[in-house]
Amino acid sequence: MSVANVARPESAQKVLSLYRQLLRQGNQFAAYNFREYAKRRTRDAFHENKAVEDPRRIQELIQKGLKDLQMLKRQTVISQFYQQDRLVVEGGLSGKDTANHETLRQKDTGWD
C-alpha cells in the first residue's frame, strides 16, 4: 500500500496512520521475540502490498489491518501479565551482572 499509489490523500493518510499504529502497538509486547515478530510482520505486509492500486482492494487491506491492530492490542495486554526478565540481546542484565552491588538473578548451573 504505497502512499504514492493511493489515489486519495485521505487514504494515504489512513495507510500511514495504520502503519504507525501497528508498529507502536507491536512495541508494547513484553517479550522480545513477539516485539520483533510484530515489527517484521507489519513491515513485510506493507511492503508486500505496496503496489496495490485498486481502491477497493486498498480498503479491504485497511480493514484487515484495523482488525489486526485490535488483535495486537488484546495480545499486548495479555503479554504484559506474563513478563519475564529481559534478554541479553535487549540490553538487560543477566547472570551475575549487578546493579547497586546486588545480584539480580543467579543462573542455575545444574550442579546440585
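Each value, and the rule that gives it
- Within every chain, residues take consecutive numbers counted from 1 along the sequence as written.
- pLDDT decides what is reported in this predicted model: residues at 70 or higher carry local features, side-chain atom pairs at 80 or more are listed and counted, and totals for whole chains, interfaces and linings draw on all residues regardless.
- Only hydrogens and water are set aside; all other atoms, that is, all heavy atoms of the structure, feed into the side-chain values.
- Helix numbering and strand numbering both begin at the N terminus, where a helix is a DSSP run of H or I of at least 4 residues and a strand a DSSP run of E of at least 2.
- Residue contacts are defined here by distance: any two heavy atoms, one from each residue, within 4.5 Å place the two residues in contact.
- In these tables, accessible area is a Shrake-Rupley quantity obtained with a 1.4 Å probe, and a residue counts as shielded only by the protein chains included in the view.
- Definition used in this section: a nonpolar core is a set of buried Ala, Val, Leu, Ile, Met, Phe, Trp, Tyr and Cys residues joined via side-chain atoms within 4.5 Å.
- The buried label goes to any residue with under 20% of its type's maximum accessible area, the exposed label to any with over 50%, and the partly exposed label to all in between, with areas taken from a 1.4 Å probe on protein chains only.
- Structural elements are reduced to axes, namely lines fitted to C-alpha atoms, with helices fitted over the stretch in contact, and the angle between N-to-C directions of any two is expressed from 0 to 180 degrees.
- For classification purposes, an angle smaller than 35 degrees is called roughly parallel, one larger than 145 roughly antiparallel, one from 65 to 115 roughly perpendicular, and anything else oblique.
- The crossing is said to be left-handed when, going from far helix to near helix, the turn is anticlockwise and less than a right angle, and right-handed when the turn is clockwise.
- When residues are grouped by polarity, Ala, Val, Leu, Ile, Met, Phe, Trp, Tyr, Cys and Pro land in nonpolar, Asp, Glu, Lys and Arg in charged, and all others, Gly among them, in polar.
- Within this document, salt bridges are pairs made up of a side-chain nitrogen of Lys or Arg and a carboxyl oxygen of Asp or Glu, the two lying within 4 Å of each other.
- Multiply 1.5 Å by the residue count of a helix minus one, and that product is the helix's expected span.

Participant: Outline the overall build of the chain, listing residues and values.
Facilitator: Looking only at helices and strands, the chain has three helices and two strands in total. Each helix (α) and strand (β) of the chain, taken in turn from the N terminus, gives the series α-α-α-β-β. Taking contacts inside the chain between residues at least 6 apart in sequence as the whole, the part at least 24 apart equals 60%. Counting only carbon and sulfur atoms, one obtains 49% of the accessible surface of the chain, whose full area is about 8600 Å².

Participant: Residues and numbers for the side chain of K39, please.
Facilitator: With respect to the element layout, K39 can be found in helix α2 (residues 32-48). Ignoring anything within four residues of it in the chain, the contact list for K39 reads L23 and N27.

Participant: Account for the nonpolar core, naming residues and giving values.
Facilitator: Core analysis: the largest hydrophobic core is formed by twelve residues, namely V15, L18, L22, F29, A38, F46, V52, I58, L61, I62, L69 and L72. Elements with a contribution of two residues or more to this core: α1 (9-26), α2 and α3 (55-80). The leading source of residues in this core is α3, at five residues. Among residues more than four places away in sequence, those in contact with F29 are F34, R35, A38, L72, Q75, T76 and S79.

Participant: I'd love a proper account of the packing of α1 against α2, names of residues and values included.
Facilitator: The N-to-C vectors of α1 and α2 enclose an angle of 160°; their axes lie 8 Å apart at closest approach. When the axis of α1 is compared with that of α2, the two are roughly antiparallel. Here the hand of the crossing between α1 and α2 comes out right-handed. Contact residues: V15, L18, Y19, L22, L23 and G26 in α1; R35, A38, K39, T42, R43 and F46 in α2. Taken together, the residues of the contact of α1 with α2 break down into seven nonpolar, two polar and three charged.

Participant: Mind laying out the pattern of salt bridges, listing which residues take part and the relevant values?
Facilitator: Taken as a whole and assessed by the stated rule, the structure comprises three salt bridges. For K39, the salt bridge identified is with E36, shortest N-O distance 3.0 Å. You can see K39 and its partner E36 sitting in helix α2, three residues apart, about one turn around the helix. With a relative accessible area of 18%, K39 lands in the buried category. A salt bridge links R57 to E60, with the nearest nitrogen and oxygen atoms 3.4 Å apart. Separated by three residues within a single helix, R57 and E60 lie in helix α3, roughly one turn from each other. Judged by relative accessible area, R57 falls into the partly exposed class, the value being 36%.

Participant: Before we move on, could you go through α1 and cite the residues and values that matter?
Facilitator: In this model α1 runs 26 Å from its N-terminal to its C-terminal C-alpha over 18 residues, within 8% of the 26 Å that 1.5 Å per residue would give. Regarding α1, the residues found buried are S11, A12, V15, L18, L22, L23, Q25 and G26. Among the structural elements, α2 and α3 are those in contact with the buried residues of α1.

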